[in-house]
Amino acid sequence: MTRLTSLSSWLAAVTLVLCAQGVQAEERFTLSIPGVSDDRLFTAAAASDANKCGGKNISPALSWNAGPPGTLSYAIVMLDPDGQRGQGVDHWIHYGIKPSTRQIPAGAGTKSSLEGMSGLNSKNTPGYIGPCPPIGDSAHHYLIQIFALDLPPEALPAGLTRTQLMEKLNGHVLRNSSVVRRYHR
């Protein structure tokens, strides 16, 4: 019986190790804004610098862990679903980000040097445009999404709108993650 007990203990230990490795392999794909928990208010610096919005138009810093196996690029979308009286406002569309990239520094969304390609926001311009909800509105929600894609960085042309990008991503999203920020004036 001693050998059987020893063998059972050994098999239980091996099973536990294999299960632990499986959990590690299934790490969640997560997006975050470093130093800030989810559903917090944007600082005024992130707000638009146009139309008396009071901001500096600084895009948020973003970081994420590696996408699942087969990830060839990433895409980022920032949408205000409360904007335009519920019709939505696209604040940032960017894609073709290399699979080795894990972060974007604050302010990079307005720079042409940001790797990848800019899509067109709701103002029909490339790059980031900060929040500017009407004065007196309740806080608007800003959904920032990242998509791990099976498309190489050069697969999509520059200048896509959010609607066009989402059509092109159909069937190519391996995983996605999001964070929410709020802003009011």
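Residues numbered from 1 in each chain as written. Predicted model: local features only at pLDDT ≥ 70, side-chain atom pairs only at ≥ 80, totals over all residues. Heavy atoms only, no water.

### Things to note about the packing of aromatic side chains
Right, on to step 1. Tallied over the full model, the rule gives four aromatic pairs.
Right, on to step 2. Judged by centre distance (6.0 Å) and plane angle (15°), the rings of Phe-29 and Tyr-74 are stacked. Residue Phe-29 is located in the loop between α1 (2–25) and β1 (31–32), and its partner Tyr-74 is located in strand β4 (residues 73–80); the two are separated by 45 residues in the primary sequence. Each member of the pair, Phe-29 as well as Tyr-74, carries the same accessibility label: buried. (Phe/Tyr/Trp six-rings, centres within 6.5 Å; stacked < 30°, edge-to-face > 60°. Helix = DSSP H or I, 4+ residues; strand = E, 2+ residues; numbered from the N terminus. Buried < 20%, exposed > 50% of the residue type's maximum accessible area, 1.4 Å probe, protein only.)

### Some remarks on the nonpolar core
Right, on to step 1. Among the nonpolar cores identified, the biggest contains 23 residues, and Leu-62, Trp-64, Ile-76, Trp-92, Ile-104 and Ile-144 are the most heavily contacted of them.
Right, on to step 2. If you list the elements that add at least two residues to this core, you get β3 (62–64), β4, β5 (89–97), β8 (140–149) and β9 (173–183).
Right, on to step 3. Ranked by residue count, the leading element in this core is β8, at four residues.
Right, on to step 4. Apart from residues no more than four positions distant in its own chain, Trp-92 is found in contact with Ser-59, Pro-60, Leu-62, Ile-76, Val-77, Met-78, Ile-104, Gly-109, Leu-114, Gly-127 and Tyr-128. (Core = buried A, V, L, I, M, F, W, Y, C linked by side-chain atoms within 4.5 Å. Contact = heavy atoms within 4.5 Å.)

### Brief notes about the layout of surface pockets
Right, on to step 1. When its volume is computed, the largest pocket comes out at roughly 350 Å³.
Right, on to step 2. Lining the largest pocket are 21 residues, and of these Gln-84, Val-89, Cys-132, Pro-133 and Pro-134 sit closest to its centre.
Right, on to step 3. Sorting the residues of the lining of the largest pocket by element identifies α2 (83–86), β5 and β8 as the ones contributing at least two each.
Right, on to step 4. Ranked by the residues each element gives to the lining of the largest pocket, the list is headed by α2, at three residues.
Right, on to step 5. Grouping the constituent residues of the lining of the largest pocket by class yields eight nonpolar, eight polar and five charged. (1 Å grid on protein atoms, 1.4 Å probe; cavity = no way out; pocket = protein on both sides within 12 Å on 5 of 7 lines; lining within 4 Å. Points joined across faces, edges and corners; volume = space filled by probe spheres on them. Nonpolar A, V, L, I, M, F, W, Y, C, P; charged D, E, K, R; others polar.)

### Focus on the sheet that holds strand β2 (residues 40–41)
Right, on to step 1. Taking strand neighbours across the sheet as the criterion, the six strands line up as β2-β9-β8-β4-β5-β7 in an open arrangement whose pairing is mixed. Looking at which strands have only one partner, the edges of the open sheet turn out to be β2 and β7 (117–118).
Right, on to step 2. Across the sheet, helix α3 (residues 162–169) touches β4, β5, β8 and β9, and the angle it forms with β4 is around 140°. (Pairing = 2+ DSSP bridges. Axes fitted to C-alpha atoms, helices over the stretch in contact; angles between N-to-C directions.)

### Considering the pairing of β8
Right, on to step 1. Most of β8 is tucked away, with eight of its ten residues classed as buried.
Right, on to step 2. Judged from the seven bridges that link them, β4 and β8 form a sheet pairing that is antiparallel. By the bridge assignment for β8, Ser-73 is matched with Leu-149.
Right, on to step 3. As judged from the ten bridges shared by β8 and β9, these two strands associate in the antiparallel manner. If you follow Leu-143 over to β9, its bridge partner there is Val-180.

### Some thoughts on the side chain of His-94
Right, on to step 1. Along the polypeptide, His-94 turns up in strand β5.
Right, on to step 2. Note on His-94: relative accessible area 2%, which makes it buried.
Right, on to step 3. In terms of polar contacts, His-94 uses its side chain to reach the backbone carbonyl oxygen of Glu-115, at 2.6 Å.
Right, on to step 4. Non-local contacts of His-94, meaning those with residues more than four positions away in its chain, are made with Ala-75, Ile-76, Leu-114, Glu-115, Gly-116, Met-117, Ser-118 and Gly-119. (Polar contact = N/O pair within 3.5 Å; in protein donor to acceptor, adjacent residues only side chain to side chain.)

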